[in-house]
Amino acid sequence: MSEHLIEIEHLRQYFPAGGFGKYKKFVRAVEDVSFYIDKGETLGLVGESGCGKTTTGRTMLRLYEPTGGRFTFDGDVVFDVEKKQYADMLPYRKRMQIVFQDPYASLDPRMTVGDIVGEAIDVHKLAANKEERFERIISILERVGLNSEHANRYPHEFSGGQRQRVGIARALAVHPEFIVCDEPISALDVSIQAQVINMFEDLQEKMGLTYLFIAHDLSAVKHISNRIGVMYLGRMVELADSYELVDRPLHPYTKSLISAIPIADPKQARASQRIVLEGDVPSPLNPPSGCAFRTRCPYADERCAAEVPEWKEVEKGHFSACHHIDKCN
Amino acid sequence: MAEYLVDIKNERLSFFTPAGEVKALNDVSIRLKEGEVLGIVGESGSGKSVTAYSLMGLTAHPGKLLGGELQFNGHEIETMSEKEMRKIRGNEISIIFQDPMTSLNPVYTIGNQITEVIRLHTDKDGAQAKARARELLELVGINEPDKRLKQYPHELSGGMRQRVMIAIALACEPKLLIADEPTTALDVTIQAQILELMMELKDKLGMAIIMITHDLGVVASMCERIAVMYAGRIVEYGTTDDIFYNPKHQYTKGLIRSIPRLDTKEHERLIPIEGTPVDLLNPPAGCPFAPRCDAAMKICLREMPPETSFGDVHYTKCWLSQKEEFEKGASHE
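In this convention, every chain numbers its residues from 1, walking through the sequence in written order. The lettering of chains begins at A and the numbering of ligands begins at 1, in the order of writing. The model is predicted, so local features are restricted to residues of pLDDT at least 70 and side-chain atom pairs to those at 80 or more, both for listing and for counting; the totals for chains, interfaces and linings are taken over all residues.

Peer 1: Would you take a moment to explain the overall build of chain A for this structure?
Peer 2: Helical segments are the DSSP runs of H or I of at least four residues, strand segments are the runs of E of at least two, and each set is numbered from the N terminus. The helix and strand inventory of chain A stands at 11 helices and 13 strands. Radius of gyration: C-alpha atoms only; globule rule: 2.2 Å multiplied by the number of residues to the exponent 0.38. Relative to the globule expectation of 20 Å for 329 residues, the C-alpha radius of gyration of chain A, 21 Å, shows essentially globular dimensions. When its C-alpha atoms are laid out on the principal axes, chain A stretches across 70 × 55 × 40 Å. Across the 329 residues of chain A, 47% fall into the buried class. To sort residues by burial, count the other C-beta atoms lying within 10 Å of each one's C-beta; a count of 20 or more means buried, 12 or fewer means exposed, and anything in between means partly exposed. C-beta atoms are built from the backbone.

Peer 1: Looking at this model, I keep getting lost on the overall build of chain B. Mind explaining?
Peer 2: Within chain B, the secondary structure is distributed over 13 helices and 12 strands. For 333 residues, the compact-globule estimate of 2.2 N^0.38 gives 20 Å, and the C-alpha radius of gyration of chain B, at 21 Å, lies within 12% of that figure. C-alpha extents for chain B along the principal axes are approximately 70 × 55 × 45 Å. When burial is assessed residue by residue, chain B has 48% of its 333 residues classed as buried. Here the analysis covers contacts within chain B between residues at least 6 apart in sequence; of these, 63% occur between residues at least 24 apart. By the convention adopted here, residues are in contact when the distance between their C-beta atoms, placed from the backbone, does not exceed 7 Å.

Peer 1: Explanation requested: the pairing of strand 8 (residues 178-182) of chain A in the structure shown.
Peer 2: Regular strands show a simple pattern: their side chains alternate between the two faces of the sheet. All names here are of chain A. Burial analysis of strand 8 places five of its five residues in the buried class, which makes it a mostly covered element. Burial of the side chains of strand 8 extends over both faces: Phe178, Val180 and Asp182 are buried on one face and Ile179 and Cys181 on the other. What makes two strands pair is DSSP finding at least two bridges between them. As paired strands, strand 7 (residues 96-99) and strand 8 are joined by four bridges and run parallel to one another. Bridging across to strand 8, methionine 96 finds its partner in phenylalanine 178. For strand 8 and strand 9 (residues 210-214), the ladder comprises five bridges, and the chain directions are parallel. Across the sheet, phenylalanine 178 pairs through a bridge with threonine 210, a residue of strand 9. Handedness of the crossover is the feature at issue here: the chain leaves strand 8, passes through helix 6 (residues 190-207), returns alongside strand 9, and the resulting connection is right-handed. We call a crossover right-handed when, viewed with both strands directed away from the observer, the connection leading from the first strand over the helix to the second proceeds clockwise.

Peer 1: Got a minute to help me understand the sheet that holds strand 5 (residues 76-80) of chain A in this structure?
Peer 2: What holds strands together in a sheet is hydrogen bonding between their backbones, with the strands either parallel or antiparallel. All names here are of chain A. Pairing is antiparallel in the open sheet, where five strands are placed in the order 2-1-4-5-6. What marks the edges here is a single partner per strand, and that holds for strand 2 (26-37) and strand 6 (85-86). Pairing geometry for strand 4 (residues 68-73) and strand 5, over four bridges, is antiparallel. Each bridged residue has a counterpart across the sheet, and for phenylalanine 73 the counterpart in strand 5 is aspartate 76.

Peer 1: Sorry, what's going on with the interface of chain A and chain B here?
Peer 2: Interfaces are often sized by the accessible area lost when the parts come together. The partner chain B presents 36 residues to the 33 residues of chain A that form the contact. Counting only elements with at least two residues in the side of chain A that touches chain B, the list comes to helix 5 (160-172), helix 6, helix 7 (218-224), helix 9 (252-260) and helix 10 (266-271) of chain A. A total of six residues in the side of chain A that touches chain B trace back to one element, the largest contributor, which is helix 6 of chain A.

Peer 1: Just to check I follow, could you spell out the nonpolar core for this structure?
Peer 2: Within soluble globular proteins, side chains that are nonpolar generally end up buried alongside one another. Core analysis: the largest hydrophobic core is formed by 187 residues, its most contacted members being Ala169(A), Phe213(A), Ala167(B), Ile210(B), Met211(B) and Val228(B). Residue contributions to this core peak at eight residues, all from helix 7 (residues 158-170) of chain B. If we skip the residues at most four places from it in the chain, Ile210(B) touches Leu32(B), Leu38(B), Ile40(B), Ala52(B), Leu176(B) and Ile178(B). Think of a nonpolar core as buried Ala, Val, Leu, Ile, Met, Phe, Trp, Tyr and Cys residues, each tied to the set through C-beta atoms within 7 Å.

Peer 1: Looking at this structure, how should I read the sheet that holds strand 3 (residues 42-46) of chain A?
Peer 2: Residues and elements named next belong to chain A. With mixed pairing, eight strands are arranged side by side in an open sheet as 7-8-9-3-10-11-13-12. The strands lining the two open edges of the sheet, one partner per strand, are strand 7 and strand 12 (312-315). On average, adjacent strands in this sheet sit at an angle of 20 degrees to one another, irrespective of strand direction. With six bridges joining them, strand 10 (residues 227-232) and strand 11 (residues 235-241) adopt antiparallel strand pairing. Paired with valine 230 across the bridge in strand 11 is glutamate 238. Only C-alpha atoms enter the line fits that serve as axes; for helices the fit covers just the stretch in contact. Angles between N-to-C directions range over 0 to 180 degrees. In the packing of helix 9 onto the sheet, contacts are made with strand 10 and strand 11, and the angle to strand 10 comes to roughly 105 degrees.

Peer 1: Just to check I follow, could you spell out the environment of Tyr232(A) for this structure?
Peer 2: Residues and elements named next belong to chain A. Looking at the element boundaries, tyrosine 232 is found in strand 10. Sequence separation between tyrosine 232 and serine 49 is 183 residues; the distance between their C-alpha atoms is 9.2 Å. Excluding its chain neighbours within four sequence positions, the residues that come into contact with tyrosine 232 are Gly47, Cys51, Val237, Tyr253, Ala292 and Phe293.

Peer 1: In this structure, what is going on with the pairing of strand 9 (residues 225-230) of chain B? I would like to understand it.
Peer 2: Residues and elements named next belong to chain B. When you tally the buried positions in strand 9, you get six out of six residues, the bulk of the element. The alternating pattern of strand 9 places Arg225, Ala227 and Met229 and Ile226, Val228 and Tyr230 on opposite faces, both of which are buried. Two strands pair when backbone bridges link them, and strand 3 (residues 37-41) and strand 9 are joined in this way by four bridges, in the parallel orientation. Residue pairing across strands places isoleucine 40 opposite alanine 227, the latter belonging to strand 9. Pairing analysis gives six bridges linking strand 9 to strand 10 (residues 233-239), with the strands arranged antiparallel. Residue arginine 225 lies in a different strand from strand 10, and its bridge partner there is threonine 239. Hairpin connection between strand 9 and strand 10: a loop of two residues separates the two successive antiparallel strands, and alanine 231 in this loop has a positive phi of roughly 50 degrees.

Peer 1: When you look at the environment of Arg143(A) in this model, what are you seeing that I'm missing?
Peer 2: Residues and elements named next belong to chain A. Relative to the helices and strands, arginine 143 is located in helix 4 (residues 130-143). Given 17 C-beta atoms within 10 Å, arginine 143 falls into the partly exposed group. Sequence separation between arginine 143 and leucine 203 is 60 residues; the distance between their C-alpha atoms is 8.0 Å.

Peer 1: Looking at this structure, how should I read helix 1 (residues 48-55) of chain B?
Peer 2: Two residues of an α-helix separated by three or four positions point the same way, owing to the 3.6 residues in each turn. All names here are of chain B. With seven of eight residues buried, helix 1 is to be regarded as a mostly interior element. All buried positions along helix 1 are accounted for by Lys48, Ser49, Val50, Thr51, Ala52, Ser54 and Leu55. Note on helix 1: the residue one or two positions beyond its end, glycine 57, has a positive phi of about 70 degrees.

Peer 1: Hey, could you run me through the confidence of the model for chain B in this one?
Peer 2: Where the model shows low pLDDT, its predicted coordinates should not be examined in detail. Residues and elements named next belong to chain B. Model confidence for chain B is summarised by a mean pLDDT of 89, while 99% of its residues fall at 70 or above. Every residue gets a pLDDT, meaning the predictor's confidence in that residue, from 0 to 100. When mean pLDDT is taken per element in chain B, strand 3 scores highest with 95 and helix 3 (residues 100-103) scores lowest with 81. As a predicted assembly, this complex carries a pTM of 0.87 together with an ipTM value of 0.82.

Peer 1: When you look at the packing of helix 4 (residues 110-121) of chain B against helix 7 of chain B in this model, what are you seeing that I'm missing?
Peer 2: Helix-helix packing: each pair is described by the crossing angle between the helix axes and the interaxial distance. Residue and element names in this part refer to chain B. Where helix 4 meets helix 7, the axes come as close as 8 Å, and the angle between the chain directions of the two elements is 20 degrees. Put simply, helix 4 runs roughly parallel to helix 7. Note that helix 4 runs across helix 7; the crossing there is right-handed. Across the interface between the two elements, Ile110, Gln113, Ile114 and Val117 of helix 4 pack against Val164, Ala167 and Ile168 of helix 7. Geometric relationships in this document are graded by angle, where less than 35 degrees denotes roughly parallel, more than 145 denotes roughly antiparallel, 65 to 115 denotes roughly perpendicular, and other angles denote oblique. Helix crossings are classified by the rotation of the near helix relative to the far one: an anticlockwise turn of less than a right angle makes the crossing left-handed, while a clockwise turn makes it right-handed.

Okay, structure coming up:
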């Protein structure tokens, strides 16, 4: 019996990208990612577009078929690619849910909000009759700050923030234990983001939820997460307690990521020294040998090109993968 | 010579949609000197882009300018014909858009798209224009410019495309560059590169910049002046320090309070602005922010607040400030 609710080991996800036979090419979207999440905890996942953070979340729910790795949920194996063990997903879909990024695209425009939330209740047969179904829908809508009046309306009648609430209500409809929040606030206006973040926190407290919170906005992720993992080009480069990660980042990529964030405080912004990274993220179709970050890293040498840095616990609870942690700190 | 490069006075602009009149801009005034950087912040639909586009004469149908004066570099924009506008656009004012993926033409090479602007506005011949294009690519920090000139937009990354957009915008050394959310579609590390580049170019070429964004972090590091817009009005205007350290309008205060900060030492609950953004089809009678404002008074719901000034630059439109200033004045007497 494992003590962690979620345990991911050596997760890999490749997507075919043309070519035949031995010339077949793959986009290595997720490469050897391992982490755990405890019950009631929030793990944040940050990184730039194309770093594999969304793919990690979706592969965990088996919205994509994993290429490799093992995922245990509350001690039971959900999938173990090496041993070819795949659990029946239906019971797990009740325990794990996802909130998508774009509240405009992720809701069926031809279904009422009540039906969007009710569909999950139907699939998992959570309501014995119509009254119970209706009551359940209303109680969930109220939980996310909507009311019974909204149940008969269509998504286009709602603002972005309200739509995201509907998306959250849909995820909550089956009373899950674990929710993958895939950039749930990126598409919202600044003044609405804080509302939604607070709601995520309240729901977690009331319902004992566990979150994987995926976003590219490190300030928001730091606010909501207990621990944060930083991804770059399909690999996890650093993982630590969220205050620790922001205050004392070890990996050169994390350092530059933090310094690149514009500070909403003019005096600090004028005083701060930015580490501006050269160049762009390499293509995941053709990633650099060795350390994926070496093409933009100021500390890179031959060893970085030759060997993939090992994922190790540098300090207690602070993991990183870099050959030169001593040199750059 | 006019004192200001840009002088917009009491601009009113509406979109006449089938659902009714959308008052996109109400009484908007903006002044900008040469070489200044102004940030316009606000939520989607607050009118920040519409203000900037109208200055370029790019108000899209069914939008209509209803009143106000728009002066730019001695030109009266509101009275100019499309033909006259075309001489100014891309020459004296340039714009870079949010999405570099869709604002470049996919079927023309980068070189083609840059030389087009140069040949349109100057009397350079083909070879000279090409040389200038190459120079511009170097200016915006693109390596191997000769190779890039022959490439198509899809062959470049997002950051590179935005650099190309900047190169096109700077082709004729404009006096004013409008940057409409230039980094929103980019990753943070690339955003840092582009912002750095824009500041460098500003110092080198001495142009003024209007920076439209919803990211308070971006304006804090780049701008000298900030206009905060809400529901088609400028609710507060001031220097960057005024806005961040001495905000007067409840919306500005709420906005600054609601963003999560990176430098907190312990968990603090965010203080959001409650409610939803205004429906511009049915705006409230008084102050548009009143329904969401926690300090709203009776008068806020009835009448639009007048301007309250604090010093030369800083002003806000809020009844609460009016009241405070009035009481201050009364206690002095």
